[in-house]
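Chain by chain, the residues run as shown.
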Amino acid sequence: MELGLGKHRFLTCFLIFLYVAFVFYLDNLSDSGMAVAVMYVIAVLLASGFASANVIRATGTVCVVLTVSAFVWGHYDDLFDDSLARCIFSVAAIAITTVLAVRNQRGTDVLAQRAGLLNLSNDAIFVRDLEGAIQFWNRGAEKLYGYRSYEAINAVSAELLNTKFDVRHAEAMACLVETGRWEGELVQTKRDGSQLTVASRWSLSRDERGRPRAILETNTDISERKRTEVKLQEQERERRVILNTVPAFVWTNLTDGTVDYLNERWTELGIDLSGISRRLENLIHPSDLPRWRDLWAQAEQSAEMIETECRLKTGSGVYRWMLMRGSPLMSNAGEVVRWYGVMNDIDALRQTEEALQQAHADLAHATRVATLGELVASIAHEVNQPLGAVVTNGEAALRWLHRTPPEISEVRDGLDRVIAEGQRASEVVRRLLSLSKKGVPLNKSVLNCAELITESLALVQRELMRHDIAVDVDISAPDVKVRGDKIQLQQVLINLLMNAHHAVLEVQNGARNIRISLKLSVTSDVLIVVQDSGHGICRKHQERLFTTFFTTKRNGLGMGLSICRSIISAHGGRISLQSEEGEGAIFTIELPACST
Ligand code: ADP
């Protein structure tokens with residue numbers, strides 16, 4: 001194109017040269033008495049159409065020189081005739097035309113420079129008149145729409161670009177006329193037929209009298225951004241569908257604990273964002289709240305996944321058990337941006353668990369009562385003995401009282417013994433009552449293990465003594481404690497001792513010993529070992545020993561060891577057996593020690 005323009009210029013220059021030569025020839029040869037030189041003005045005007053100010057100036061100068069030369073050449077004998085006036089007139093006309101053309105050219109140059117600046121912009125910029133006819137079309141517009149400037153000029157922009165407005169065109173124009181500006185999004189069509197979305201900014205240019213004259217339209221291609229926006233919206237819709245399909249209550253919250261999203265499932269619980277004042281904490285059961293707050297305080301420190309079970313107040317005011325899990329979303333800087341989490345309704349599960357625990361507790365109670373029934377003779381004896389002593393000491397005290405004078409100090413000693421024996425009897429009854437009581441599923445407290453053993457032994461010892469069974473107690477860790485339910489752990493020990501008792505009873509010739517020991521394991525767990533010198537347990541039976549209803553006894557229930565196992569595992573421990581047939585059995589209870 002530049003080459004084409006150069007050729008065009010060269011041709012024009014050549015034509016101007018020919019024209020100047022022709023005028024010079026006319027001026028010299030014709031003697032028409034006319035100011036032929038005035039025709040040079042046309043050459044200057046032609047040059048001003050395409051050349052720079054310097055070229056126009058040079059053309060004007062050449063024309064003046066030729067005019068004067070022709071005059072001198074033709075009138076050197078008489079310079080001051082009429083021709084002089086014509087010469088001066090011609091020179092003046094050429095000079096004035098040259099000055100005006102140069103000035104005009106400067107103005108054109110300034111405009112061209114300004115237009116050049118607009119061409120530097122990447123945006124499509126064009127100027128259109130009020131009818132929409134394009135007056136100026138920058139390079140950005142050429143690049144964006146594919147139309148060259150000469151193709152676009154004078155075309156009506158809305159038709160050329162098949163513009164579709166997101167508001168009505170009349171509204172855009174009204175806004176433009178009122179405020180001088182309008183901004184919006186337009187869908188337009190390129191030369192190749194493809195569509196694009198542009199952010200369009202219009203500015204209104206007015207004439208000196210304030211009347212609208214032209215519109216400067218600047219368009220930026222935002223098709224890619226629009227496509228990304230649409231894609232993001234689709235992804236967002238997809239995400240919502242997925243989150244609403246998840247069979248859980250999904251939530252997200254900010255680092256300050258404000259909930260900023262709940263999936264639709266929450267409406268099943270009658271809960272929405274406004275209903276919880278934007279904080280899940282407001283729905284947590286007061287008893288679970290301290291644990292909930294501790295968990296979140298820790299989570300904020302460690303920024304690790306959290307999990308807890310808690311009761312959540314539903315829209316109807318009823319609390320339901322929920323399993324809550326949350327994970328932090330980290331920024332590149334390693335800071336928590338927000339928390340994502342789910343809640344699962346475990347209320348039914350909890351209720352089943354509780355019913356199961358209750359059934360277990362009932363069963364354990366039943367077996368305890370059955371064991372106590374077995375011990376009833378020994379226990380009755382144990383109560384009877386102090387009662388007998390109470391009667392004997394009471395009678396003796398009466399006798400000392402009837403003496404004259406009464407033996408007061410003897411009476412006092414007798415009554416002291418009455419009290420002591422009465423307390424002994426009441427202690428036996430207390431133990432009996434506590435074991436026969438139907439307790440709540442788990443009632444944990446810190447227990448001294450040595451005391452636990454002593455108290456359990458107290459209930460069975462008389463029965464063992466009745467059958468000449470020696471009990472060896474070896475407590476090498478007297479102060480160790482466990483956290484547990486006293487009645488349940490006593491039940492385990494009594495069960496093991498009674499089983500050992502049954503096994504030892506079957507030994508006809510040989511030692512009848514039971515040994516119960518308390519010690520700490522290498523891992524500092526509490527070990528309670530019940531060992532007997534009974535007949536032991538064969539391998540086949542060992543496999544089924546802890547299963548429900550397994551018994552080898554004629555009147556056995558087969559519940560004892562299975563209950564022992566579930567009680568110990570509910571305390572975080574385990575129970576194990578070591579036995580060789582004919583060499584007795586060793587049951588070991590392992591429980592986590594408690595420091596307080
Ligand atoms: P039950 O005592 O009602 O049979 P348990 O569950 O307490 O129920 O015991 C199950 C079985 O384990 C007993 O029938 C017995 O065969 C065996 N057993 C338990 N303890 C011992 C032991 N110390 N020595 C030998 N066998 C034992």
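Cut-offs and rules
Within any chain, residue numbers begin from 1 and follow the written order of that chain's sequence. Owing to the predicted nature of the model, reporting of local features is limited to residues with pLDDT of at least 70; listing and counting of side-chain atom pairs is limited to 80 or more, with chain, interface and lining totals taken over all residues. With hydrogens and water excluded, all non-hydrogen atoms of the structure serve as input to the side-chain values. UniProt positions are given in the numbering used here, feature names are shortened, and annotations may be inferred rather than shown by experiment. Each reported salt bridge corresponds to a side-chain nitrogen of Lys or Arg within 4 Å of a carboxyl oxygen of Asp or Glu. In this description a helix means any DSSP run of H or I spanning at least four residues, a strand means any run of E spanning at least two, and both kinds are numbered starting from the N terminus. Think of it in three bands: residues with accessible area under 20% of the maximum for their type are buried, residues over 50% are exposed, and the middle band is partly exposed, with areas taken using a 1.4 Å probe on protein chains only. Contact criterion: two residues are considered in contact whenever any of their non-hydrogen atoms come within 4.5 Å of each other. Axis geometry follows a simple rule: fit a line to the C-alpha atoms, using only the stretch in contact for helices, then measure angles between N-to-C directions, giving values from 0 to 180 degrees. We call a crossing left-handed when the near helix sits turned anticlockwise from the far one by less than a right angle, and right-handed when that turn is clockwise. Amino acid classes used here: Ala, Val, Leu, Ile, Met, Phe, Trp, Tyr, Cys and Pro are nonpolar; Asp, Glu, Lys and Arg are charged; the rest, including Gly, are polar.

Going by what an unreviewed UniProt entry lists, the chain is known as histidine kinase and is assigned to Thalassospira aquimaris. Database annotation for the chain, UniProt heading Catalytic activity (unreviewed entry): "ATP + protein L-histidine = ADP + protein N-phospho-L-histidine."

Regarding the pattern of salt bridges
In total, this model carries 28 salt bridges according to the counting rule given. In this structure, the salt-bridge partner of Glu 142 is Arg 148, at a minimum N-O distance of 3.6 Å. One salt bridge in this structure joins Arg 325 and Glu 307, with 2.9 Å as the shortest N-O distance. Note that Arg 325 is positioned in strand S10 (residues 319–330) and Glu 307 in strand S9 (residues 306–313), a separation of 18 residues in sequence. Residue classification places Arg 325 among the partly exposed residues on the basis of a relative accessible area of 31%.

Topic: the environment of Cys 449
Locating Cys 449 in the fold gives a position in helix H13 (residues 449–466). Residue Cys 449 is classed as buried on the basis of its relative accessible area of 0%. Placed 39 residues apart in sequence, Cys 449 and Glu 410 show a C-alpha to C-alpha distance of 40 Å. Those residues in contact with Cys 449 that lie beyond four places of it in its chain are Val 480, Lys 481, Val 482, Leu 518 and Val 526.

Quick word on the packing of helix H14 (residues 486–505) against helix H16 (residues 560–570)
Following both chains from N to C, one finds H14 and H16 inclined at 145°, their axes separated by 10 Å at the closest point. Relative to H16, H14 is oriented so that their crossing is left-handed. Contacts from Gln 488, Leu 489, Gln 491, Val 492, Asn 495, Leu 496 and Asn 499 of H14 reach H16 at Gly 560, Leu 561, Ile 563, Cys 564, Ile 567 and Ile 568. The residue inventory of the contact of H14 with H16, partitioned by class, reads 8 nonpolar, 5 polar and no charged.

Brief notes about H16
Within H16 the residues assigned to the buried category are Leu 561, Ser 562, Ile 563, Cys 564, Ile 567 and Ile 568. Among the structural elements, helix H11 (347–402), H14, strand S17 (574–579) and strand S18 (585–591) are those in contact with the buried residues of H16. Trailing H16 by a residue or two, Gly 572 shows a phi angle of about 75°, which is positive.

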